[in-house]
Amino acid sequence: MAKGTSIAKAYKGNDEAAPQTGEVVQQIPVSQIVPCPTNPRGEDLGDISGIAASIRSVGVEQPLILQPADTAGIHVIAFGHRRFAGAKEAGLETVPAIVRAYTPEKLLKAQIIENFARADLDELAEAKAFQRLVKEFRYSQRKVAEEIGCTQAQVSRRIALLKLDKAALDALSERKITIHEAVDLTKLAEMPAAQRKKAVKEFLGSGGHNRRWVLERHLRTEKDRKTKEELIDKLEGEGISYIAKVEQYDTNERYLGQEGWGQGCGITVEEHENEPCHAATISDHSHRRLYVCLDITRHAPEGDSAVKLPDVELERRAAQEARSQREAAEEAFEETLLEARRERALYLQSLLGERPSAAEALERVLVHILDQGGFGSHQTSSHVHVACMMLGLKPREFEKDELPSYYSGDGKDWMGTFRQYLSDGGSHVPARAALALALAANEAGFTSKWDRDRRMGQLVEYLGYLERKGYKLSDAEKQLVAQPAAVEVQENVEALADAGEEVAQDDELVDSVPVAVTAAS
């Protein structure tokens with residue numbers, strides 16, 4: 001407790017430490033004097049270099065107060081520990097002293113007051129001194145406050161420091177936490193040791209406002225724990241068994257039907273309260289009492305209880321059992337499929353060890369693209385539409401009210417037509433169909449300025465391919481190819497997006513494809 005507190009203000013000096021009428025000042029050898037083991041300051045006397053320098057210059061101006069010598073001629077210091085230490089450092093062989101007898105109670109009280117008044121006293125030393133008055137001399141905290149000159153709350157807070165964990169005490173001694181934070185930590189004293197240790201560690205590892213948040217969180221946890229303990233005690237006082245956790249799966253435990261709780265088994269609390277399997281648990285969050293049946297089999301039709309599960313619950317349990325059996329069967333089936341997959345993997349290894357034809361490989365790739373939407377699931381239908389037009393294929397018309405699987409917008413089965421062409425053709429068909437589909441996907445890049453900007457690199461490569469095949473580029477196409485690449489294209493895309501320009505739908509692709517495309521037979 002620092003100078004300037006209520007105690008230091010109440011005691012400007014200590015009359016006990018001053019010479020009294022009729023007392024004689026003696027020169028006592030330093031070798032016959034020892035510190036008082038109960039001195040509140042302990043061995044921490046602070047910096048005494050200034051006192052030693054003063055003693056070297058003018059000597060010990062105020063005599064020490066010593067207890068009468070014991071049988072060995074040794075005096076115990078009552079007052080003047082710092083002066084004694086300064087005299088030893090100054091090299092004095094004797095010091096002026098007054099011998100005065102004290103009772104342990106009176107001496108401790110006077111030493112506490114002296115230390116409060118004259119120098120800062122470590123908070124833990126202060127706490128220990130208060131605790132001695134309470135335990136050894138049967139002082140109440142109120143009486144300690146009255147004798148020392150402070151408030152009872154001050155005494156209570158100091159004594160509470162002694163309940164801190166070692167980690168917190170060390171942090172306070174090393175000034176890693178403030179006295180106010182240490183007092184806050186004393187609020188955790190009633191926690192179970194393991195939880196308290198965890199809370200203190202987290203508190204010390206935090207900083208700033210986080211420490212307050214950590215403390216409050218753990219205090220809420222502790223409050224919840226105490227509240228739950230009180231509710232459990234109340235339950236047991238009513239003769240109701242308490243169950244910490246309800247295991248509703250693969251056990252016979254079930255919640256009872258109760259208002260506001262959706263997991264009831266159909267038996268009400270009132271019907272069940274006299275059953276031997278009656279119990280309750282406490283909700284962790286709401287602290288609500290939830291009633292439980294510990295052995296639901298007792299209430300089945302063949303069970304020994306007169307309280308039976310309602311029909312709807314029996315039906316639910318039968319459905320649950322059927323579901324469990326079905327899930328077990330499905331799991332077993334999945335295991336057989338997994339085994340088949342392993343066998344299939346071995347077969348595929350042997351298949352790929354042969355030399356497949358290019359046509360066969362292309363056909364499998366095309367089927368995969370069509371099934372999986374390889375060009376983008378929402379685009380595949382439009383690409384197939386255009387590819388069919390390029391190949392000169394006439395699709396089947398959908399009948400009225402018929403629902404097509406891939407609908408391109410004109411009521412024609414382009415997907416079916418493309419698949420039929422792929423399956424009925426010769427060895428050259430897969431390659432021609434794949435090329436048509438790839439060209440249709442490239443043509444999709446010309447439907448709008450947004451598409452062109454987004455796929456500029458792809459379009460430049462595509463036009464270059466056509467030019468190498470003999471196509472003569474128009475002036476507009478040459479200008480398109482000559483546009484600056486990547487960076488400016490990206491800027492154009494972002495600008496278009498910011499302006500909120502609408503992107504043309506893939507259906508527009510149909511109108512952009514020349515119809516005068518000669519089909520291969």
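Residues numbered from 1 in each chain as written. Predicted model: local features only at pLDDT ≥ 70, side-chain atom pairs only at ≥ 80, totals over all residues. Heavy atoms only, no water.

> So, the overall build of the protein: which residues are in play, and what are the values?
Tallying secondary structure elements over the protein gives 22 helices and 11 strands in all. Considering only residue pairs separated by 6 or more positions, the protein has 65% of its internal contacts joining residues 24 or more positions apart. Of the roughly 30,800 Å² that the protein leaves accessible, carbon and sulfur atoms contribute 51%. (Helix = DSSP H or I, 4+ residues; strand = E, 2+ residues; numbered from the N terminus. Contact = heavy atoms within 4.5 Å. Areas by Shrake-Rupley, 256 points an atom, 1.4 Å probe, with all protein chains shown as cover.)

> Explain empty space enclosed by the protein residue by residue, including any values.
Applying the stated rule across the entire model yields 1 cavity of 30 Å³ or more. Here the largest cavity defines a volume of roughly 40 Å³. Along its surface, the largest cavity is lined by Lys-163, Leu-164, Asp-165, Leu-185, Thr-186, Leu-188, Ala-189, Arg-196 and Val-200. Its residues placed into classes, the lining of the largest cavity shows 5 nonpolar, 1 polar and 3 charged. (1 Å grid on protein atoms, 1.4 Å probe; cavity = no way out; pocket = protein on both sides within 12 Å on 5 of 7 lines; lining within 4 Å. Points joined across faces, edges and corners; volume = space filled by probe spheres on them. Nonpolar A, V, L, I, M, F, W, Y, C, P; charged D, E, K, R; others polar.)

> Which residues make up unusual backbone geometry, and what values do they have?
Although it is not a glycine, Arg-138 sits at a positive phi angle of roughly 60°. Residue position: Arg-138 is located in the loop between α5 (123–135) and α6 (141–148). Looking at Arg-138, the relative accessible area reads 72%, which means it is exposed. The phi torsion at Arg-175 lies on the positive side, around 60°, for a residue other than glycine. Summarising the element assignment, Arg-175 is placed in the loop between α8 (166–173) and α9 (179–185). By relative accessible area, which is 49% here, Arg-175 ends up partly exposed. (Buried < 20%, exposed > 50% of the residue type's maximum accessible area, 1.4 Å probe, protein only.)

> Go over the nonpolar core with me, naming the residues and quoting the values.
Counting residues in each nonpolar core, the largest one holds 23 residues, and the members touching the most others are Val-384 and Phe-418. Within the residue set of this core, elements represented by two or more residues are α15 (380–391), α16 (414–424), α17 (429–443) and α19 (456–468). One finds Ala-168, Ala-171, Ala-182 and Leu-215 within the second-largest nonpolar core, a separate group that totals 18 residues. (Core = buried A, V, L, I, M, F, W, Y, C linked by side-chain atoms within 4.5 Å.)

> Describe α16, and please don't skip the residues or the numbers.
If you check which residues of α16 are buried, you get Trp-414, Met-415, Thr-417, Phe-418, Tyr-421 and Leu-422. Take α16 and look down its axis: the buried residues cluster within an arc of 165°, on one side only. (Arc of directions from axis to C-beta.)

> Describe the environment of Leu-466, with residues and values.
Along the polypeptide, Leu-466 turns up in helix α19. C-alpha separation for the pair Leu-466 and Leu-439, spaced 27 residues apart in sequence, amounts to 9.9 Å.

> How would you summarise the packing of α5 against helix α7 (residues 152–160) if you had to cite specific residues and measurements?
Close contact between α5 and α7 brings their axes to 8 Å; oriented N to C, the two are set at 105°. In terms of axis orientation, α5 runs roughly perpendicular to α7. Across the interface between the two elements, Glu-123, Glu-126, Ala-127, Phe-130, Gln-131 and Val-134 of α5 pack against Val-155, Arg-158 and Ile-159 of α7. Across the contact of α5 with α7, the residue classes tally to 5 nonpolar, 1 polar and 3 charged. (Axes fitted to C-alpha atoms, helices over the stretch in contact; angles between N-to-C directions. Parallel < 35°, antiparallel > 145°, perpendicular 65-115°, else oblique.)

> Just give me the short version of the pairing of strand β4 (residues 75–79), but keep the residues and values in it.
Counting buried positions along β4 yields 4 of 5 residues, so the element is predominantly enclosed. As paired elements, strand β2 (residues 33–34) and β4 share 2 bridges and run parallel to each other. Across the sheet, the residue bridging to Val-34 is Val-76, located in β4. Here strand β3 (residues 64–66) pairs with β4 via 2 bridges, running antiparallel. Residue pairing in the sheet places Ile-65 in a bridge with Phe-79 of β4. (Pairing = 2+ DSSP bridges.)

Read these as spatial facts, not as claims about activity.
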